[in-house]
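Geometric and topological summary
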Amino acid sequence: MLIKSKPYRTIWSHPDDSTITQIIDQRKLPHEFIIVDLATVAYFCTAIKDMYVRGAGLIGATAGFAMYTAALQSRDAHFAEDIQQFARELSATRPTAKNLVWAIERQLTAMAACSSVQEKRDKGLEVATAIADEDALFCKQIGEHGVALIKEISKRKNGQPVNILTHCNAGWLAFVDYGSATAPIYQANNDGIAVHVWVDETRPWLQGARLTAWELKEEGIPHTLIADNTGGHLMQHGMVDLVIVGTDRTTFTGDVANKIGTYLKALAAYDNNVPFYVALPSSTFDWQIEDGVKDIPIEKRDGDEINKITGRAENGEMITVLVPPENTESANYSFDVTPARLVTGLITERGIVAANQDAILNLYPEKR
Ligand code: MRU
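Presented here is a report on the structure given in the accompanying data block.

**Thoughts on the overall build of the protein**
- Tallying secondary structure elements over the protein gives twelve helices and 20 strands in all.
- Taken over C-alpha atoms, the radius of gyration comes to 20 Å for the protein, in line with the 21 Å a tight globule of 368 residues would show.
- Principal-axis analysis of the C-alpha atoms places the extent of the protein at approximately 65 × 55 × 40 Å.
- Residue burial in the protein is summarised as follows: out of 368 residues, 56% are buried.
- Looking at the protein alone, contacts between residues at least 24 apart form 73% of all its contacts between residues at least 6 apart.
- A total accessible area of about 15,700 Å² is found for the protein, and carbon and sulfur atoms account for 50% of it.
- Side chains of the protein carry 35 positive and 47 negative charges; the gap between the two charge centres is 2 Å.

Structural data, given as structure tokens:
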């Protein structure tokens, strides 16, 4: 996607040295654009845990490159033992995002099929690149399928802007390119369909205010930032035509784990007959967990993310301020689960499908 008219992905190999992976430090956006070099597994772990990179697909792609680095760092004589240890360290960084373990396991399986250590290392780079390319391709295909929903509403409204509400950032910054929830929106914009996006600010980390608002601005998509609690009111007054969100893990039965607050949006959408769609590449499906509410692990993050806010002061300096009384105890649940019954449909790289086991397994018969 474009940043100041220049095309970027969110992760790539250093053009002069493939042992270095480059990322955009999302903690600094939208006010500073900083590229960071990652060349050790420890730094990859920090980058994932502390959210230099975040979002389902990008966490997976970063884990893919981290496993290549792990192969480079593993000792020749103790390769099997070292690579497993690195895999464990990486897996522990973010518990909810399925793409993390999916990418690590894909790398371990591919490396296990190689005989020499050098072959395993070469394979590591090949698979990391394939994961990133596939993520971008799948998101593009999500856009191509999802745009039909927007087109239909636009027709019904005689070309008046289609109002789409989204939560968190399931944009290109959360993937390698295009995004999941945003891909149909970008596709609609390319097709000349008028759209307007309601952007939930997404407390506490403010992915909506900081990232979604920024990437929509860079892409020239009309949008309005709203406080998280506004969606229900807008839906009651016919100001939302469609909700599209992303997901960090979706069960094969259609339960959707996504950024905290998504469940409340789904309830409001259900009560107001607003279609509620979830966009995801198949790498985000969990083919083992049946009951998402009961069994998807929910990440709890540091309370400081709630108690403190960082932003740019009028003098241009980045500052962090404390909001509640000092030492206030806060509970920072990072995700919630929306049960399948509240989800109108899933937009995947293979097409749009109902959020239930039969429909999902019909679309992915190889997972039966
Ligand atoms: O904690 P984050 O920022 O990694 O959360 C992930 C998200 O960006 C959202 O939950 C998103 O809607 C799904 S990931 C594409």
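**Examining empty space enclosed by the protein**
- For the structure on display, the rule yields two cavities of 30 Å³ or more.
- In this structure, the largest cavity encloses a volume near 160 Å³.
- In terms of lining, the largest cavity is formed by 20 residues, of which the most central are Arg-54, Gly-55, Cys-168, Asn-169 and Asp-248.
- When residues of the lining of the largest cavity are traced back to their parent elements, those giving at least two are α2 (56-73) and β11 (256-259).
- Counted by class, the lining of the largest cavity contains nine nonpolar, seven polar and four charged residues.
- Residue-level mapping places the lining of the largest cavity at the junction of two domains, with at least three residues from each of domain 1 (2-134) and domain 2 (144-367).

**Here's the deal with the layout of surface pockets**
- A volume near 800 Å³ is recorded for the largest pocket.
- Considering the residues around the largest pocket, the lining is formed by 28 residues, among which Arg-27, Trp-205, Arg-210, Glu-305 and Thr-310 are closest to the centre.
- For the lining of the largest pocket, the elements supplying multiple residues, two or more each, are α7 (207-219), β14 (300-301), α11 (304-307), β15 (308-312) and β16 (318-322).
- Its residues assigned to classes, the lining of the largest pocket shows nine nonpolar, five polar and 14 charged.
- Taken as a whole, the second largest pocket holds about 350 Å³ of empty space.
- Together, 19 residues line the second largest pocket, and Trp-102, Ser-282, Ser-283, Trp-287 and Lys-367 are the ones closest to its centre.
- Taken together, the residues of the lining of the second largest pocket sort by class into seven nonpolar, three polar and nine charged.
- Two domains each provide a minimum of three residues to the lining of the second largest pocket, namely domain 1 (2-134) and domain 2 (144-367).

**Section: a nonpolar patch on the surface**
- A contiguous nonpolar patch, built from Ile-309, Ile-319, Val-321 and Val-323 and spanning about 300 Å² of accessible area, is present on the exposed surface.
- Tracing the backbone through its elements, the reader meets Val-321 in strand β16.
- Residue classification places Val-321 among the partly exposed residues on the basis of a relative accessible area of 40%.

**Topic: the packing of helix α4 (residues 98-112) against helix α5 (residues 117-156)**
- In contact at an axis separation of 9 Å, α4 and α5 are set at 145° when each is read in the N-to-C sense. When you trace α4 past α5, the crossing you get is right-handed. On α5, the residues touching Trp-102, Ala-103, Arg-106, Gln-107, Ala-110, Met-111 and Ala-112 of α4 are Lys-120, Lys-123, Gly-124, Val-127, Ala-128, Ala-130, Ile-131 and Glu-134.
- Taken together, the residues of the contact of α4 with α5 break down into nine nonpolar, two polar and four charged.

**Some points on the site of the ligand**
- Close to the ligand lie 17 residues; Arg-54, Arg-94, Asp-248, Asn-258 and Lys-259 are nearest.
- Here an oxygen atom of the ligand sits 2.4 Å away from a polar atom, N or O, in the side chain of Arg-54.
- Contact between the ligand and Asp-248: an oxygen atom at 2.6 Å from a side-chain N or O atom of the residue.
- If the ligand stood free it would expose 400 Å²; the protein chains cover 100% of that surface.
- Spatially, the ligand is embedded in the largest cavity.
- A class-by-class count of the residues in the shell around the ligand yields seven nonpolar, six polar and four charged.
- Two domains each donate at least three residues to the shell around the ligand, and these are domain 1 (2-134) and domain 2 (144-367).

**Regarding the side chain of Gln-107**
- Looking at where Gln-107 falls in the secondary structure, it is placed in helix α4.
- Ignoring any residue separated from it by four or fewer positions in sequence, one finds Gln-107 in contact with Gly-64, Met-67, Tyr-68, Lys-123, Gly-124, Val-127 and Ala-128.

Conventions and cut-offs
Numbering of residues starts from 1 in each chain and follows the order in which that chain's sequence is written. With pLDDT at 70 or above as the cut-off, local features in this predicted model cover only qualifying residues; side-chain atom pairs require 80 or more to be listed or tallied, and sums for whole chains, interfaces and linings still use all residues. The basis for every side-chain value is the complete set of non-hydrogen atoms in the structure, without hydrogens or water. What counts as a helix is a DSSP run of H or I of at least four residues, what counts as a strand is a run of E of at least two, and both are numbered from the N terminus. Just to be clear, the radius of gyration here is over C-alpha atoms, and the globule rule we use is 2.2 Å times residues to the power 0.38. The rule is simple: take the accessible area with a 1.4 Å probe, protein chains only, and divide by the maximum for that residue type; under 20% is buried, over 50% is exposed, in between is partly exposed. Whether two residues are in contact is decided by their heavy atoms, any of which lying within 4.5 Å being enough. With residues, only the protein chains shown are counted as cover, and all accessible areas are computed by Shrake-Rupley using a 1.4 Å probe. In this tally, Lys and Arg are treated as positive and Asp and Glu as negative; His is ignored, and so are the chain termini. Charge coordinates come from a single atom per side chain, which is NZ of Lys, CZ of Arg, CG of Asp or CD of Glu. Cavity means a closed set of points on a 1 Å grid over the protein atoms alone, one where a 1.4 Å probe fits but cannot get out, pocket means an open set with protein on both sides within 12 Å along at least 5 of 7 lines, and lining means a residue has an atom within 4 Å of a point. Grid points are joined across faces, edges and corners, and a volume is the space filled by probe spheres set on the points. Three categories are distinguished: nonpolar for Ala, Val, Leu, Ile, Met, Phe, Trp, Tyr, Cys and Pro, charged for Asp, Glu, Lys and Arg, and polar for the others, with Gly belonging to the last. Start and end points for every domain follow an automatic or database-based domain assignment. Each patch is assembled from residues with relative accessible area greater than 30% and no salt bridge, linking like charges that lie within 9 Å and nonpolar side chains (Val, Leu, Ile, Met, Phe, Trp, Tyr) that lie within 5 Å. A pair is scored as a salt bridge if a Lys or Arg side-chain nitrogen falls within 4 Å of a carboxyl oxygen belonging to Asp or Glu. Lines are fitted to the C-alpha atoms to define the axes, a helix being fitted only along its stretch in contact, and any angle between axes, read from their N-to-C directions, falls within 0 to 180 degrees. Two helices cross in a left-handed way if the nearer one is turned anticlockwise from the farther one by less than a right angle. They cross in a right-handed way if the turn is clockwise. Any residue with at least one heavy atom within 4 Å of a molecule or strand is counted as near it. In protein, a polar contact requires one atom able to donate a hydrogen and another able to accept it; more generally it is a pair of N or O atoms within 3.5 Å, and residues adjacent in sequence count only if both atoms are side-chain atoms. Each molecule is checked against the cavity or pocket grid, and it sits inside if more than half of its atoms lie within 2 Å of the grid points.

No statement about biological role is implied by the geometric values presented.
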